[in-house]
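What the coordinates show
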Amino acid sequence: MKKLVVATRNRGKLIEIAELLHEHDIKLFSLLDFPKMPEIVEDGDTFEANAIKKARETFEYTGLPSLADDSGLEVDALNGAPGVHSSRYAGETATDEQNIDKLLAALIDLPLEERTARFRCVIAFADSSGQVHVTQGTCEGVIGFEPRGSGGFGYDPVFIVREYGKTFAELGSDIKNRISHRAVALEKMRDVLHKHI
Ligand code: IMP
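Read on for a plain summary of the structure. Everything quoted here is computed from the prediction, not taken from an experiment.

All right, on to the pattern of salt bridges then. Scanning the entire structure with this criterion turns up 16 salt bridges. Among the ionic pairs, Lys54 bridges to Asp70, the shortest N-O distance being 2.8 Å. With a gap of 16 residues between them, Lys54 in helix α2 (residues 47-62) and Asp70 in strand β3 (residues 66-75) connect regions that are remote in the sequence. Note on Asp70: relative accessible area 3%, which makes it buried.

As structure tokens, this is what we get:
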């Protein structure tokens, strides 16, 4: 069976990527299986730069095809913040709850129509020769006034998808995995993945 390393230690991301790749007949690893691999410094200015860096460094360390996701939330009223800093918006070791609290405080008093936002995901895949392929996906929504729902991870409890009137955390993984930024980016990578693994 072909092997693929997902270049993350984020369990929420990993679960979703495993679900989204279930049709491919592959044995999945993550960086949790390589505890001695040095931390990858995500110092790029863009999702793309960070995704490519993670895929490359993981391929170089493991020698296996590697898939990286760099993603985050862009809020229009905050000029695109937290963006590439989404996971550490409220500080280097911030929890999801702390990041959400900081975001809600930054948007306090703003009406719903001014709370537009999107999730963006860039997937970089280093194939077995080390060549890197890149795709991108987005999902539009608005930031709610308080957290709702218990599914997903990160900012899911405050990200409302207008068509459903529900947050990603309320929608559940079946629907999220059909419409999310990550689902869109991975779908675009589908043919490349089929060809290489
Ligand atoms: P990365 O590991 O640097 O790509 O950080 C991604 C961060 O963006 C996560 O830690 C979350 O805070 C946020 N994020 C990305 N995708 C999602 C999602 O699907 N739901 C909720 N938050 C997300």
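Structure's up, so let's keep going.
Right, let's get into the nonpolar core. If you look at the biggest cluster of nonpolar residues, it comprises 19 residues, and the most contacted ones within it are Leu73, Val75, Leu103, Ile143, Tyr155 and Phe159. Of all elements in the fold, only β3, α3 (96-106), β4 (116-126), β5 (132-143), β6 (159-161) and α4 (168-171) reach the threshold of two or more residues within this core. At three residues, the largest contribution of residues to this core is made by α3. Those residues in contact with Leu73, other than ones at most four positions away along the chain, are Gly80, Ala81, Pro82, Gly83, Ser86, Leu103, Ala117, Arg118, Phe119, Ile143, Tyr155 and Phe159. If you look at the next biggest cluster of nonpolar residues, it comprises 17 residues, including Leu20, Ile26, Phe125 and Leu193.

So, on to the side chain of Asn99. Among the secondary structure elements, Asn99 is positioned in helix α3. Under the relative-accessibility criterion, Asn99 is labelled buried at 2%. In terms of polar contacts, Asn99 uses its side chain to reach the backbone carbonyl oxygen of Ser87, at 3.2 Å. Those residues in contact with Asn99 that sit more than four places away from it in its chain are Ser86, Ser87, Arg88, Tyr89, Ala90, Ala94 and Tyr155.

What counts and how
- Residues numbered from 1 in each chain as written.
- Predicted model: local features only at pLDDT ≥ 70, side-chain atom pairs only at ≥ 80, totals over all residues.
- Heavy atoms only, no water.
- Salt bridge = Lys/Arg side-chain N within 4 Å of Asp/Glu carboxyl O.
- Helix = DSSP H or I, 4+ residues; strand = E, 2+ residues; numbered from the N terminus.
- Buried < 20%, exposed > 50% of the residue type's maximum accessible area, 1.4 Å probe, protein only.
- Core = buried A, V, L, I, M, F, W, Y, C linked by side-chain atoms within 4.5 Å.
- Contact = heavy atoms within 4.5 Å.
- Polar contact = N/O pair within 3.5 Å; in protein donor to acceptor, adjacent residues only side chain to side chain.

Note that every value here comes from positions in space, so none of it alone points to a role or purpose.
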